[in-house]
There are 10 protein chains.
Amino acid sequence: MPTRLDARRSVLAAKKRLGLRWDMIATALGRSTEWSTSAMLGQQTLTPEQATAAGDLLELDAGTVEALTLSPERGSAAVDPSDPLVYRLGEVVQVYGSTVSELVREEFGDGIVSAIDFELTMERVADPKGDRVVITLNGKFLPYRVW
Amino acid sequence: MPTRLDARRSVLAAKKRLGLRWDMIATALGRSTEWSTSAMLGQQTLTPEQATAAGDLLELDAGTVEALTLSPERGSAAVDPSDPLVYRLGEVVQVYGSTVSELVREEFGDGIVSAIDFELTMERVADPKGDRVVITLNGKFLPYRVW
Amino acid sequence: MPTRLDARRSVLAAKKRLGLRWDMIATALGRSTEWSTSAMLGQQTLTPEQATAAGDLLELDAGTVEALTLSPERGSAAVDPSDPLVYRLGEVVQVYGSTVSELVREEFGDGIVSAIDFELTMERVADPKGDRVVITLNGKFLPYRVW
Amino acid sequence: MPTRLDARRSVLAAKKRLGLRWDMIATALGRSTEWSTSAMLGQQTLTPEQATAAGDLLELDAGTVEALTLSPERGSAAVDPSDPLVYRLGEVVQVYGSTVSELVREEFGDGIVSAIDFELTMERVADPKGDRVVITLNGKFLPYRVW
Amino acid sequence: MPTRLDARRSVLAAKKRLGLRWDMIATALGRSTEWSTSAMLGQQTLTPEQATAAGDLLELDAGTVEALTLSPERGSAAVDPSDPLVYRLGEVVQVYGSTVSELVREEFGDGIVSAIDFELTMERVADPKGDRVVITLNGKFLPYRVW
Amino acid sequence: MPTRLDARRSVLAAKKRLGLRWDMIATALGRSTEWSTSAMLGQQTLTPEQATAAGDLLELDAGTVEALTLSPERGSAAVDPSDPLVYRLGEVVQVYGSTVSELVREEFGDGIVSAIDFELTMERVADPKGDRVVITLNGKFLPYRVW
Amino acid sequence: MPTRLDARRSVLAAKKRLGLRWDMIATALGRSTEWSTSAMLGQQTLTPEQATAAGDLLELDAGTVEALTLSPERGSAAVDPSDPLVYRLGEVVQVYGSTVSELVREEFGDGIVSAIDFELTMERVADPKGDRVVITLNGKFLPYRVW
Amino acid sequence: MPTRLDARRSVLAAKKRLGLRWDMIATALGRSTEWSTSAMLGQQTLTPEQATAAGDLLELDAGTVEALTLSPERGSAAVDPSDPLVYRLGEVVQVYGSTVSELVREEFGDGIVSAIDFELTMERVADPKGDRVVITLNGKFLPYRVW
Amino acid sequence: MPTRLDARRSVLAAKKRLGLRWDMIATALGRSTEWSTSAMLGQQTLTPEQATAAGDLLELDAGTVEALTLSPERGSAAVDPSDPLVYRLGEVVQVYGSTVSELVREEFGDGIVSAIDFELTMERVADPKGDRVVITLNGKFLPYRVW
Amino acid sequence: MPTRLDARRSVLAAKKRLGLRWDMIATALGRSTEWSTSAMLGQQTLTPEQATAAGDLLELDAGTVEALTLSPERGSAAVDPSDPLVYRLGEVVQVYGSTVSELVREEFGDGIVSAIDFELTMERVADPKGDRVVITLNGKFLPYRVW
């Protein structure tokens, strides 16, 4: 049986061959474009129904559809941190991580921003000097428990 | 002369002693709270006027004020990636990096999201199930040049 | 002003000199022994009142008491992972991490065990073949958000 | 002949296909659910009888049954430490490792908590604010020998 | 379907077999020799037309031509940094990186040299003491945004 | 006696205090701006005469002048590779390293580009869409010796 | 107060100055030469009586004597693994580790050799071709617990 | 042709299938059990005669017998240092490495313990509190040459 | 087509099967034994004529002969630095690197020893106390260019 | 008391101030220039007589003279492997390590070249195309012991 990462490759090839966009796949899954992309790339859990809907749209074989329901892959194999686009996101964490830390602590007290009870959106914002990418990270604040 | 990182420690100690908030410091600098925090922590360039204004508010000595005008520190010493709050931001890049990469490429073509022509904002959003932290990354899209 | 890690060293030296136990310090802080130990070692946030109470018991100077109220240190400097005692805890994660992962997923669905909304206790259990250390990790289950 | 890690993949696929739970496999092995899960994932030694019992329940082929009796895999390949669920367990070691170290030393003297003469249990604890995962680490205290 | 790195190997083998030079391939692509080499090695985006043109010249099979239109590979797998020729380029960054940093900051202010809005050329310069390689890096200056 | 890296800090502080530019220091040394910057930052060998000339211009104390004649520091301490400006230079090596390798090999045969018999220049090139930084690497080709 | 590693340096300097041998120090501590050396270097727990006895023999100041009773340092700072003598011990683990693993498993079943309930001795064995160092590792076998 | 590590897997599988012990294989090779185990696992040079003798006993095919005469594999692939049993041997080097270093230097002068002119033995020692593993490292002392 | 490293394996197998020595292969190539060994192992460029001559002697198939003319592999995959023999060469660099650095600088001025315009020879020197290996590194001195 | 590395800095400063050459220091020590340089840089054991002779020549204070008799520093702190001159020596090991390994094994059988029973010499060889550095590594062959 193919793995989640094999399924990812099949999804990308099929999407390219069929000329689909991520929002069309999202419609089939009944979820947001961002979550759906993440799921098809292997980072979210898909129900059998969602896997089947995606499989129908993308004309995937049965093994790949089943592989889409395997446990998600969210470890270091999920992305190449040295890819220039991804690296810049990591650089934002490096350069602004202590700023976020200070501001969260001042506003909320001691705790963290959840990466689990979390949503991400990406939007294009037109700008005469060059369009901009706006990425929104929306995570629940979790205070450290004291006992 | 103290370094930028020494100045950061003095700023944090003075801010605590005087009971100031980051937005008060931002007002003195004439910039947003996020940029101002980042600057006082050492990751942005401050003009002598801004350093003096901050020094007046925070009652810093002359050496520290001068140190605030040194080159910013944006390398790996800027933040500890193993701090739990910062780690979760890095985990977002690990888990959602390929999603952002796919969506940017589909929408804009081959390029990256600038971490230089870039703004970051942090907001608290009330939620009955627990308030949320919304962090917005806003970077110019830069297409790869072809020659 | 001393750092949180300097304060830790002073606390350990004073505790040794005065012949105190961690549960006595916990009583002064009004918290559990485990949390109190963690706080005195620098991994939790102490209120000024708690810092003062600890300072009175441990006969700490004013600078150290103030340093106890600094931001906690929870990054990689908090512990030496190559220390034999700590290493074995890490080995448990290596050997049993996939087991915990499987069982949590089966019982709760896709998510993680919080290390923030989290309590740890340590207990001695008498055993004729050699007493045992029982460490309990108690964390809230956090499901991955779908959007 | 397949390896222990190949056998693990076959076990997970068969368990999914047959809709079994880990406690059913544990019953077949005559051991606790936690140990049995760990063994089927490749981290414990299985007797030929246990391998056969598991093979019958999971309808495994003879090669996979034999592979289940190979030496366990407990090195770094046993788990991905960057998986978010596993990472949080590792973060507990980072944040609370020195606390455990202090408390063990105070209570027992100089030594370690065995990761070999060791049991792990996982339990779900209902909580109106969100159910909790309670993981118990139970290891024999081993004092450093003096000679 | 072959990957971009598989396509790279096929391109190199075909180029060798057919006795072609990079500038001939560049002519087929209608781009500079440097960009074209980089694209054929997998680090730039090729249009289907460019891939076909290259495929015709290099007598590549259809699968390889299609693979040439896959997303570029620009992460750490793109090059072996320990190869002696590549290492020396990296050494230049090590030895002269702070010099470039100082001079850019003095001339342009706080910002970076883009590696995206970027061109690279390589030229042979005859020299009686041994010919020289002149590599020109030409990147847009990007100032840090202040907000 | 101060080290080369101590001398570097003193040079940068004096340059700032006196409002000098690197080309003025270069004039005092009788060398190019790029080499002179590199030398003052600690990566080149200065003669006692050059150190004295720089010391006179920068009003350095005798110990610092002597430290300028110490062996250069060209190891990994010479620069922070995670600084965003420096990182992009390293990324150029990652993305274009194999291209340079191919083109050098085709043009010159088997060998490397010297980083020792080497010159670097930096120039500002005006551009209506944003000025550009042009960095030229000029190194002697060294063929592998066959024996 | 000095640390355990500071105390180690003082012990080595005093031992050198006074011309003592490790077995004389061992006699003062009432333990074997190997354990005593290890304790004076900081890797074992010394009682106040032992620290005092060592301090009397080595003419250490009170602060150093007290530092000898601090928690032992057994993490990666205890030794430099790249020192040639130490490296060869590590190489033995690399070359013969799987052999020991196989033989222990065959003889004892699934378990490990304790590094805690452990003794080490070193002996000189005369040999006409060059004297030999015989190091004996003596650790309790610990079987993996099954539950 | 299989590699030395392939041959190792075949040897382990055959040994298991035939129910052989390492000392029986040692008898066939005419060497000690420890050396023979090490050789069959790939870390020693076997003569064609020894390879044939082992092949006869273990019923290995001709390719595997030939592979046993390949150069030994003694690099980092020879063992997994994160395996719990092997890790404890490495921990012994970490904790006691400086002790061995001190004692060797005191007894022999400046030099090292050879890991080449070296023998290792493993023995079981009965003990009412639990049997013990005694591993003996026996290496020639090599003094640093002075010239 | 096989890679250079595949060709290396074929060369070693053929050399073993045919009972050849490296100097016989060197004769076929018309080069020194050291260079020839290095070339057959994949670290030098072979002409088609040399590849054919080696292929005739070693009875290699056409694909392997062609693979011998591929670009050399000189990156970190060329050798395993943890192999005991290779490690000791690296240790020589660690222990004597600063000595070579001092002596070269004193004798030649600021520069390096070329590893490209470089020859290596290996010789056996008989010695009644045990024969010795004499390895000669012969590299052109390259002075740092000043501009 | 200063450390061996402190003594090294003092030696280098004094040598520079007094205008001495390494061979003059070697004469004072009664050893070769290479060994003497290595010893003064901290990598060899000096007798008190040698330390005194060096101290007299270099006008070192008593503490530094004593520090010269401390244990040598041969671990990774002995040299910076990223220094360009040292790096090239390491590159030689990378590129030619497998060649040396093959030739040693063919000539001597299974074993290593000692880095302990070892001598290093450096010589200048005049060459019209640029003088050359000849470094000779001379180590005893040590065969693997079989038992």
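Residues numbered from 1 in each chain as written. Chains lettered and ligands numbered in written order. Predicted model: local features only at pLDDT ≥ 70, side-chain atom pairs only at ≥ 80, totals over all residues.

(A) Layout of the overall build of chain A. Scanning chain A from N- to C-terminus turns up 6 helices and 2 strands. The helix and strand sequence of chain A, counted from the amino end, reads α-α-α-α-α-α-β-β. A burial count over chain A gives 53% of its 147 residues as buried. Within chain A, contacts between residues separated by at least 24 positions form 58% of all contacts whose residues are at least 6 apart in sequence. (Helix = DSSP H or I, 4+ residues; strand = E, 2+ residues; numbered from the N terminus. Buried ≥ 20, exposed ≤ 12 C-beta atoms within 10 Å, placed from the backbone. Contact = placed C-beta atoms within 7 Å.)

(B) Structural view of the interface of chain B and chain E. Taken together, the contact between chain B and chain E spans 20 residues of the former and 20 residues of the latter. Among the elements that make up the side of chain B that touches chain E, the one with the highest residue count is strand β1 (residues 111–125) of chain B (7 residues). Broken down by class, the residue content of the side of chain B that touches chain E amounts to 8 nonpolar, 6 polar and 6 charged. (Nonpolar A, V, L, I, M, F, W, Y, C, P; charged D, E, K, R; others polar.)

(C) Structural detail: the relation of the copies chain B and chain E. Turning chain B through 180 degrees and shifting it by 0.0 Å along the axis lays it on chain E, with an RMSD of 0.0 Å. Here the two chains are linked by the operation of a two-fold rotation axis. For chain B, the minimum C-alpha distance to the rotation axis belongs to Ser114 of chain B and amounts to 4.8 Å. (Least-squares fit on C-alpha atoms with pLDDT ≥ 70 in both.)

(D) Fine view of the sheet that holds strand β2 (residues 132–143) of chain F. Overall, antiparallel pairing links the 4 strands, which are arranged β1(E)-β2(E)-β2(F)-β1(F) in an open sheet. Two strands close off the open sheet at either side, each with one partner strand: β1 (111–125) of chain E together with β1 (111–125) of chain F. Taking each pair of neighbouring strands and ignoring which way they run, the sheet shows an average axis angle of 20 degrees. As paired strands, strand β2 (residues 132–143) of chain E and β2 of chain F are joined by 9 bridges and run antiparallel to one another. Paired with Ile135 of chain E across the two strands is Leu137 of chain F, which belongs to β2 of chain F. In the packing of helix α6 (residues 84–108) of chain E onto the sheet, contacts are made with β1 and β2 of chain E together with β1 and β2 of chain F, and the angle to β1 of chain F comes to roughly 20 degrees. (Pairing = 2+ DSSP bridges. Axes fitted to C-alpha atoms, helices over the stretch in contact; angles between N-to-C directions.)

(E) Fine view of the domain arrangement of chain A. Domain parsing of chain A yields domain 1 (4–77) and domain 2 (81–143). The distance between the C-alpha centroids of domain 1 of chain A and domain 2 of chain A comes to 25 Å. (Domains from an automatic or database assignment.)

(F) Representation of the packing of helix α2 (residues 22–29) of chain A against helix α4 (residues 48–58) of chain A within the structure. Residue and element names in this part refer to chain A. Their axes nearest at 8 Å, the elements α2 and α4 cross at an angle of 140 degrees. Taken together, α2 and α4 sit at an angle that is classed as oblique. At the point where α2 passes α4, the crossing takes the right-handed sense. Contact residues: α2 offers Ile25, Ala28 and Leu29, while α4 offers Gln50, Ala53, Ala54 and Leu57. Of the residues in the contact of α2 with α4, the class split is 6 nonpolar, 1 polar and no charged. (Parallel < 35°, antiparallel > 145°, perpendicular 65-115°, else oblique. Left-handed = near helix turned anticlockwise from the far one by under 90°.)

(G) Looking closely at the interface of chain B and chain A. Contact residues are listed per partner, giving 52 residues for chain B and 52 residues for chain A. Every element with two or more residues in the side of chain B that touches chain A is listed here: α3 (33–40), α6 (84–108), β1 and β2 (132–143) of chain B. For the side of chain B that touches chain A, the element with the highest residue contribution is α6 of chain B, accounting for 22 residues. Of the residues contributing to the side of chain B that touches chain A, the split by class is 25 nonpolar, 14 polar and 13 charged.

(H) View of the relation of the copies chain B and chain A. With an RMSD of 0.0 Å, the fit of chain B onto chain A corresponds to turning through 180 degrees and sliding 0.0 Å along the axis. A shared binding surface is used by both copies, with 100% of the interface residues of chain B retained as interface residues in chain A.

(I) Structural detail: the packing of helix α2 (residues 22–29) of chain J against helix α3 (residues 33–40) of chain J. All names here are of chain J. Interaxial distance between α2 and α3 falls to 8 Å at its minimum, and their mutual angle equals 90 degrees. Classified by the angle between their axes, α2 and α3 sit roughly perpendicular to one another. Along the contact surface, α2 presents Trp22, Asp23, Ile25, Ala26 and Leu29, while α3 presents Thr33, Ser36, Thr37, Ala39 and Met40. Residues of the contact of α2 with α3, tallied by class, amount to 6 nonpolar, 3 polar and 1 charged.

(J) A look at the sheet that holds strand β2 (residues 132–143) of chain J. Strand order in the open sheet formed by 4 strands is β1(I)-β2(I)-β2(J)-β1(J), with antiparallel pairing between adjacent strands. At either margin of the open sheet sits one strand with a lone partner, and together these are β1 (111–125) of chain I together with β1 (111–125) of chain J. Direction aside, neighbouring strands of the sheet carry axes that sit 20 degrees apart on average. In terms of strand pairing, β1 of chain I meets strand β2 (residues 132–143) of chain I through 11 bridges, oriented antiparallel. If you follow Ile112 of chain I over to β2 of chain I, its bridge partner there is Leu142 of chain I.

(K) Summary view of the environment of Ser38 of chain F. Relative to the helices and strands, Ser38 of chain F is located in helix α3 (residues 33–40). With 34 residues separating them along the chain, Ser38 of chain F and Pro72 of chain F place their C-alpha atoms 9.9 Å apart. Ignoring anything within four residues of it in the chain, the contact list for Ser38 of chain F reads Tyr96 and Thr99 of chain E together with Gln43 and Gln44 of chain F.

(L) Local environment of helix α1 (residues 4–18) of chain F. Residue and element names in this part refer to chain F. Counted at 1.5 Å a residue, the expected span for α1 with its 15 residues is 21 Å, and the 21 Å between its end C-alpha atoms agrees. Buried within α1 we find Arg4, Ala7, Arg8, Ser10, Val11 and Ala14. Down the axis of α1, the buried side of the element spans an arc of 165 degrees, and every buried residue falls inside it. Where α1 ends, the next residue or the one after it, Gly19, has phi of about 65 degrees, a positive value. (Expected span 1.5 Å × (residues − 1). Arc of directions from axis to C-beta.)

(M) Here's a closer look at unusual backbone geometry. For Glu59 of chain B, which is not glycine, the phi dihedral falls at a positive 55 degrees. Its place among the elements puts Glu59 of chain B in the loop between α4 (48–58) and α5 (62–67).

(N) Main features of helix α4 (residues 48–58) of chain E. Residue and element names in this part refer to chain E. If you check which residues of α4 are buried, you get Gln50, Ala51, Ala54, Gly55 and Leu58. Buried residues in α4, looked at end-on, bunch into an arc of 135 degrees, giving them a common side. For α4, the exposed residues set more than 90 degrees away from the buried face come down to Pro48, Glu49 and Asp56. Along its buried surface, α4 packs onto α1 (4–18), α2 (22–29), α3 (33–40) and α5 (62–67). Among the residues trailing α4, Glu59 stands out with phi positive, at a value near 55 degrees.

(O) Region of the structure containing the confidence of the model for chain A. Per-residue pLDDT for chain A has a mean of 97; in total, 100% of the residues score no lower than 70. Interface confidence in the predicted complex, given as ipTM, is 0.96; pTM for the same model is 0.96. (pLDDT = per-residue confidence, 0-100.)

(P) Just the environment of Ile25 of chain J, in detail. Residues and elements named next belong to chain J. The topology assignment puts Ile25 in helix α2. A residue is classified by how many C-beta atoms lie within 10 Å of it, and Ile25, with 22 of them, is buried. Separated by 11 residues in sequence, Ile25 and Ser36 have C-alpha atoms that sit 7.0 Å apart. Each residue touching Ile25, except ones within four places of it in the same chain, is listed here: Leu20, Ser36, Met40, Ala54 and Leu57.

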